[in-house]
Every structure is written in C-alpha cells, then in structure tokens.
Amino acid sequence: MDQFIKTNPINTNNNKIIVEDETLLLIVDVQQKLIKSIKDNQQLIFNIKKLIDTCNLLNVRIAITEQNPLKLGKTLESITDNNEYPKFEKMDFSCINNKNFIKYINDYNFKNIIVSGIESHICVLQTSMDLLQKGLNILIPRDAIGSRNKMDNHTAFLRLILSGAVASTTESLICELCKTSNRKEFREVSKILKNSFSN
C-alpha cells in the first residue's frame, strides 16, 4: 500500500464532501438466488436498507441493477419495499454496456455514485472500475458490499481503493449526505444511525 501511494499521486477529484443532488446510490444485484450464499448477508441487507432510508429522506436518487433476473430472481422485496426505483437488467457483470443505465447517469449528471451490493469481486468491482474510467467519483461503503468468500470481498475492496474509489462505511456516508445536525431531517437521520443490527 505504501509503495502504491508513493508511485501514484492522490486523485484530488475524490476528496470533496458529496452533494445530495449530484449523488446516486446504486444497489447492485441484491437478488433472491444470489443473496443466500453471501457471507453475513443479513448485516449487508441491514446496512443497504439504512443507506436507502437515508437517501429517501434526503431526496438522493436510488437505482437498482439485476443480473439475469429470469434465472437469479428479482431484487429482494425488503430492499425495494414497494418503491419504484429505476431498475437496469444486465447479462454482463458490469453495468457499463446497459445504454439505459448510462443515459440515466448522464441525464441526471451524477458526479458521485455510492456502489453497494453483491458480489464485491464480480459485479460491484467491474461496474465500479468501468465507472471510474468514465471519471465518476465512486464511493464504496465497506460494510454494504459482500461476496460468498471473505478473501474475495477483502481483495475486491483493496483493488477498488487502489484504483481510485473512495473507501467509506454506511454510517460515514449517511453523515456525509446529511452534513449537519441543524437540518430538519436530522432527527430522522439520527434514528437511522441509532438503529443497530441484531440477528
């Protein structure tokens, strides 16, 4: 890590606090047949739902991807919670070849994309790497991505950060989106933050 930092200058494009209307929460492939084998899947779902609740409260846009939904099932109902989020189906592991997805990003001029979901080392990784290549600021909540195996999860996270994505956590991103305790939504944001996971 130290050697990488010495030979690669810090990307100053990703050192700014994110702004709500420039930010998208992307939920990657949290589908019925995929989630079953993901390590600590209930904690993962819990953290993604905290991000969703915050984004809904603060009017931050949310989008969902689904990998081959005919075979792997739809996004978990506990994630969508009867909300009609924009949904993008794909066969490629990366979302980059879905023209509707790219049009959606361009139409809203998103600068920051919070990427959550599964699997870290496949669809999350390839989507994030491609979006980084497009010059977007990619934020990875460490506790809201997952894989079947810990080694794959850890290695994917490391590769993403070394490639220019921003390391973060669910709670940190919630507070970054909120920015101040002096706003009318903070009481509800505070409740989301205090909500703790229990098996």
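Here the structure is a predicted model, which means the values were calculated and not measured. Each chain has its residues counted from 1, following the order in which its sequence is written. Per-residue local features of the predicted model are confined to residues with pLDDT of at least 70, and side-chain atom pairs are confined, for both listing and counting, to 80 or more; whole-chain, interface and lining totals are unaffected and use all residues. Heavy atoms throughout the structure, all of them, feed into the side-chain values; hydrogens and water do not.

Novice: Let's hear about helix α7 (residues 120–133): which residues, and what values?
Specialist: When accessible area is computed with a 1.4 Å probe and restricted to protein chains, residues below 20% of their type maximum are described as buried, those above 50% as exposed, and intermediate ones as partly exposed. Helix and strand definitions follow DSSP, with helices as H or I runs of at least four residues and strands as E runs of at least two, each counted in order from the N terminus. By the criterion of burial, α7 is predominantly enclosed, with 10 of the 14 residues buried. Residues S120, H121, C123, V124, L125, T127, S128, M129, L131 and L132 constitute the buried set of α7. One or two residues past the end of α7 sits G135, with phi positive at roughly 90°.

Novice: Give me the pattern of salt bridges: which residues, what numbers.
Specialist: In what follows, salt bridge is the name for a side-chain nitrogen of Lys or Arg lying within 4 Å of a carboxyl oxygen of Asp or Glu. Under the criterion given, the structure shown has 11 salt bridges. Ionic pairing is found between K179 and E20, a salt bridge with its closest N-O pair at 3.4 Å. Taken together, the positions of K179 in the loop between α9 (170–178) and α10 (186–194) and E20 in the loop between α1 (2–7) and β1 (23–28) put the pair 159 residues apart, joining distant regions of the chain. Relative accessible area serves as the criterion here: at 42%, K179 is assigned to the partly exposed category. Ionic pairing is found between R183 and E20, a salt bridge with its closest N-O pair at 2.9 Å. Of the two residues, R183 is situated in the loop between α9 and α10 and E20 in the loop between α1 and β1; the sequence distance between them amounts to 163 residues. On the basis of relative accessibility, which here comes to 16%, the residue E20 falls in the buried class. Through salt bridges that share partners, E20, K179, R183, K184 and E185 make up one connected network.

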